[in-house]
Amino acid sequence: MTSYGWLFDPKRCMECGACEAACKQWNGVETGVNVRWRRVLRMESGSFPQVSVLALSLSCNHCENAFCMKACPVKAIRRREDGIVLLDESRCVGCGQCYMFCPYGAPQLNLATRKSSKCTMCADRIDQGLQPACATNCPTGALQWGRWEEIVNRGSDRIGRFVYPMQMKPHIRFVTEPWQS
Amino acid sequence: MITRRDLLQRTGAAALALGPWETAFAEYFKPAKPALYPPETVITACGICDSACGMRATIQDGTIRFLQGLPEDPHNEGRLCAKGTASAWIKNDPDRLKYPMKRTNPNKGFDQDPGWVRISWTEALDTIAERFRAILDKHGQEALLAISRGSPPWFARLYSALGIQRVDHNDLCYGVDIVMQQRMIGAHTFAWDLDNAKYILLFGWDMMGRAKLCLANRLLHAKENGARVVNFNPLWTPTARFCDEWYPVRPGSDLAVALAVIHVLLKENLYDKEFVEKFTNFPEYEAQIRAHFEPYTPEWAEKESDVPAQAIWRIAREFGSTKPAVAPMHKKTLAANYENAPQMCQAIGILNILAGNIDRPGGHYFPRTISIPSLDAIYPPPAYPKAPTRRIDGREKLPLAGSYGMFSTIAEGMTKIYPGRIKGIFWTGYHLNSFPDCNGMAEALKTVEFMVLVDILPVDAMYFADIVLPNTMFLEGSDIISRTYNAKSPFVVVRQPLTGAPFEAKSAAFIAIELGKRLAPDYFKKADGSWISSSELLDEQVRRAGLGENFAEFRRKGFVAREQPFTPRTTFATASGKCQIYIPEFAAKGYGPLPSWRPKQALPTQEYPYYLITYLPGEHKRNSTQNNPILNEIGGTSVVQIHPQTAARHGIRDGGLVRVRSRIGQAVGPVRVTETVRPDCVVVPHGFGHRSGYLRVAGGKGFSDNELIPAQSIDEMYKRGNWLGSGCIMEAVVTIEPAG
C-alpha cells in the first residue's frame, strides 16, 4: 500500500505560521497549553551581516521505524496500513516516553491532561482524498505533501545542522537548491 | 466545533467499550471513509487585511470547519496566511461583544471598572442620537468627531450627513505615498507586477514577513522566474530569504541609497530613454534634475547609509541595464516611518519612472478593475453640510497633505490646541495602541464627555467609551470585492455570511442607517421616501457592474473573472499629462520639487543610543488579532530583538527581560539575542500590549511599540517641513537595561 510524506523547501518559507494555524483549525488541537503539532522552527547561523536563517516547518514525519511507537509502554501508538503513525489519546498514560524518543518533538505532552498527542497527517482528510490542512494552506508551497515514492527522490534527507535520524527513516525530504537567477 | 476527541470517537474509539481493545484498535487504525464534512464549500472573501483573499469555507453543523484559499483568486492563488486560516476563531471568540452596553461608572481609565450594563438596541441607538444631537445643537459640528476609516460607506455617509470630521490613521500608513503618486504618475496604485520583473530593489519592503499574500506571491513568482532581488532593511526579515543580497542599511537612510542610485542612472544615462523622453517631464527639466542629483554620489551615500559605495555603483548599473526593473513600495514600507518619507516616496517613484516601468509589464501599473458603483452613486444624497475646516488633527495646516487623517497629532489637538472642543466621539475599527504615544491618547480620551465604540471585541478603547455596540465581523457580512493588487485583468469576488451573527451583533449598515434615521433622515431615504437598505444596494451594485441579475446570483457564482489584454497607458492623470520626475506643483508652493537628502529626525544620543525599529509579524494583523488563541500561540508577546554585542554591553542575556526606555515611556519584554539586527538597533514587534482586561488571551501580554514612540506636534511638523504629514512611526530612539 502506498505511503505518504512531506517535502519541505526552506527557501520558500516566510515563517507566516499558516501551517500551524491550519493544523490547529482542522484538528481542534487545544490552544494555550504549548501543544503544537506543527510549528516553524528558526535556526540562525553566521554572524551579522553575513547571517542566514533557516526556517523549518516541522511536525510528525511518520517514520518507518518510529521510535515513539517502540517507546510507548502501553502501545498507544500504532501505524496504519498506509504508514500513518497515530497516537490514541484514550490509551495514553502520559509517561512522556514518546516525546523523549522523538528527535522532532512530534508527540507532545499536555501537562494539564497528562495525555500526549501528535500529528495525524490529517488522516481523516487523506481518507477523503484531501491533503493535510497544513500543506493545503501553505502560501508559498514551502510545505508540500504527497505520495512518498514521488517525494523520496525530490530532495535531500538532511539540511543545515538538522541531524537526520537515519535508522528511523522519517518521511520528509528537504529541497536544498537555492533560487535560480 | 468538532474536537479531536469527537473525531476519535467517530473513527472507532467508541467501539473500544464493545470488544477486546486489540480488535477496536485495529478498527481505529484502519483507513476509514466516513464523510466528516460535506464536500461542498462556500466561497467568500477574507477581511483581515485589504488583500481580501478569496476563501473556500467548509461549513459543518452550522460552524466553520475549515477555511482555505480560492484557487482562482489572483491574490492568494488558493492559499491563506495564518491570520485568514485562523479567522473563525475571531468569529467564535468567547470574549466578543454580545449586546449593546452602557457605562454606569462615569470615571474613565484603565484603572476604573466601567460598570457595564446590558441595554437594548433601541435604548442604545436612542441615547446615542439624543446625546449627539444635544452636542451638535449646543457646540456645533466641531464638537463631534469620528475616529474611523472611510469605509464601510454607511458610516462615511453618517459622518458626511452630520457634517462632522473624520480622522483615520493614514499619516501612519500610506498617506504620504498617495500624494506623491498622484503628483508623479496621476493616481495612487498598489499594483506591482513583480512576477515579470527581472531586477527588484526592495527598500524596507517586507511583504513576506508580513505574509500579505497579494504582494508576497508577487515576489515569490519573481524568484521563480529568475529575478535578481536586492534588499535594504536594518533588520533581517523573511523577505531577505527571497533576496540575492541584503544590506542592513542605517535606519532612515534608505533615501541616501536611492538618491545615489538615481545619481548613477543619470550620470551613466542608464534610464529607459524612449519612455522617459515620451512620457515624462524629464526633457523639460533635464538640467535642473541632473544638477540636483549631481552631489548624491554612492561615496556620499555610503557615509550616510553604511551601504558600500561599490555595491551601490554595481546595483545601480544592474538596475539600469536590466529590464524590467522595479522598486516596489507599500504602505508602512517607508511612507510613514521617518520624517524623510516624502523624499523617499518620491525617490522610489523616480527610480520606477527612470526604469520606464509605469503601467508596463514588470512594473508599477494601474489595476484593471470592474468598477462597482458607490453608495452615493446609487442613492445620491442631498448636498452634505460643509465639514469644519479647523480639524482636530490640524491637517489643514500642512500645505501638501492629502485628505487623510493624522493619528500622530490628534492627541495634541484634543488637549493642547483645542482643549475641551471634542465633546463626542464615534469610534470604530481602531485600537488605542495604534496611536503614537498611546498613553497620551488615552489621557486625551478622558476629556471627552460621550464616546460610542463600535467593535467586535472588548478592546482597550472600551475603558473610555460610554456606550458600546457589538459589530459583526467579515465572516458574517456581505460585500462585493474588486481586486486591486494583482489586477492585470478584472476579478471580483463575493463576501457572504458563512453563519449567522452571534448574540445581538449588528452590521455597520444597520448601525449607520438606524442612527441616520434618528439624526439625519433625509440622507437615508430613497427618492420615493422609503429607507435605503444594504441588501438593495448590493443588488443594485451587482446589476450595474454587470456581475449578475442580483446579489443572490453573484453569490452563487462566487466570483467573476474577465480576461482582457493588457494595454499600457500612454497618458497619465497628472497636471502635465506626463509622469512627473520634477513636481512643479511643489515648487509653486515653496516645497522641493525634487527629493533632497534629509536625515531622519530622531538620531541616537548619549542618553538614547539606539534606533527603535518596529515590524509587523506575519502571524498578526497589526493589533487586531492578538486575542486569537491560535495566532497568539504562534506569536504571543513583544519579544525585543538585539544584537549580541548590544546584549553584552548591557549584560543582557538571551531569554532574559529587558527594559526599553524612550523619552516618552518605558516597557519591559523578553529578549531575543540575534545576529539578524544591526548593533545600533532595538527591534520590537507592533501590535501587542492590549490593556483591556476583557481580552482574556491578549490582555496584559507584551507592550505596545507606541508606548515608546512619541506623538507629533502639528506646528512643529510645519516648521520642520513635514508638509505631507508623515506619521514618523520609527522616529524614536531608546536606551535599554536588564530587567531580570
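Residues numbered from 1 in each chain as written. Chains lettered and ligands numbered in written order. Predicted model: local features only at pLDDT ≥ 70, side-chain atom pairs only at ≥ 80, totals over all residues.

## Section: the overall build of chain B
The number of helices and strands found in chain B is 24 helices and 25 strands. A fraction of 73% describes how many contacts in chain B between residues 6 or more apart in sequence connect residues 24 or more apart. (Helix = DSSP H or I, 4+ residues; strand = E, 2+ residues; numbered from the N terminus. Contact = placed C-beta atoms within 7 Å.)

## Topic: the overall build of chain A
Helix and strand counts for chain A come out as six helices and nine strands. Over its C-alpha trace chain A gives a radius of gyration of 16 Å, about what one expects of a compact globule, namely 16 Å for 181 residues. Along the longest, intermediate and shortest principal axes, the C-alpha atoms of chain A span 50 × 40 × 30 Å. Among the 181 residues that make up chain A, the fraction classed as buried is 47%. For chain A, the proportion of contacts with a sequence separation of at least 24, taken over those separated by at least 6, is 58%. (Rg over C-alpha atoms; globule rule 2.2 N^0.38 Å. Buried ≥ 20, exposed ≤ 12 C-beta atoms within 10 Å, placed from the backbone.)

## Some remarks on helix α5 (residues 121-139) of chain B
The terminal C-alpha atoms of α5 of chain B lie 26 Å apart, and with 19 residues this matches the ideal 27 Å at 1.5 Å per residue to within 8%. Buried positions along α5 of chain B lie against β6 (144-147), β14 (424-428), β15 (450-455), β16 (467-470) and α18 (508-519) of chain B. (Expected span 1.5 Å × (residues − 1).)

## Focus: the domain arrangement of chain B
Accessible area lost upon the coming together of the parts is a frequently used measure of interface size. Parsing chain B into structural domains produces domain 1 (1-35), domain 2 (101-172 + 372-561), domain 3 (190-364) and domain 4 (610-738). Across the side of domain 3 of chain B that touches domain 4 of chain B, the residue classes tally to ten nonpolar, three polar and three charged. (Domains from an automatic or database assignment. Nonpolar A, V, L, I, M, F, W, Y, C, P; charged D, E, K, R; others polar.)

## Brief notes about the interface of chain B and chain A
Listed as interface residues are 53 residues of chain B and, on the opposing side, 45 residues of chain A. Listing elements by their share of the side of chain B that touches chain A, those giving two or more residues are α1 (4-10), α2 (21-29), β3 (63-69), α3 (82-85), α8 (213-224) and α22 (629-634) of chain B. Of the residues forming the side of chain B that touches chain A, the biggest block, five residues, is contributed by α22 of chain B. Each residue belonging to the side of chain B that touches chain A can be placed in one class, and the counts come to 31 nonpolar, eleven polar and eleven charged.

## Remarks on the sheet that holds strand β1 (residues 42-45) of chain B
Residues and elements named next belong to chain B. Across the sheet, three strands lie side by side as β1-β2-β3; this open sheet has antiparallel pairing. Because the sheet does not close on itself, it has two edges, and the strands there are β1 and β3. Each strand of the sheet is rotated relative to its neighbour by a mean of 35°, with strand direction disregarded. Alignment of β1 against strand β2 (residues 54-60), held across four bridges, turns out to be antiparallel. Counted as the bridge partner of V42 is A57 from β2. (Pairing = 2+ DSSP bridges. Axes fitted to C-alpha atoms, helices over the stretch in contact; angles between N-to-C directions.)

## A short note on the pairing of strand β10 (residues 228-232) of chain B
Residues and elements named next belong to chain B. Within β10, five of the five residues are buried, which leaves the element mostly enclosed by the surrounding structure. Side chains of β10 alternate between two faces, with R228, V230 and F232 and V229 and N231 buried alike. Summarising the sheet, strand β9 (residues 199-203) and β10 pair through five bridges and their orientation is parallel. When the sheet's bridge partners are listed, Y199 is paired in β10 with R228. Note: β10 against strand β11 (residues 245-247), three bridges, orientation parallel. Following the sheet pairing, N231 is matched in β11 by W246.

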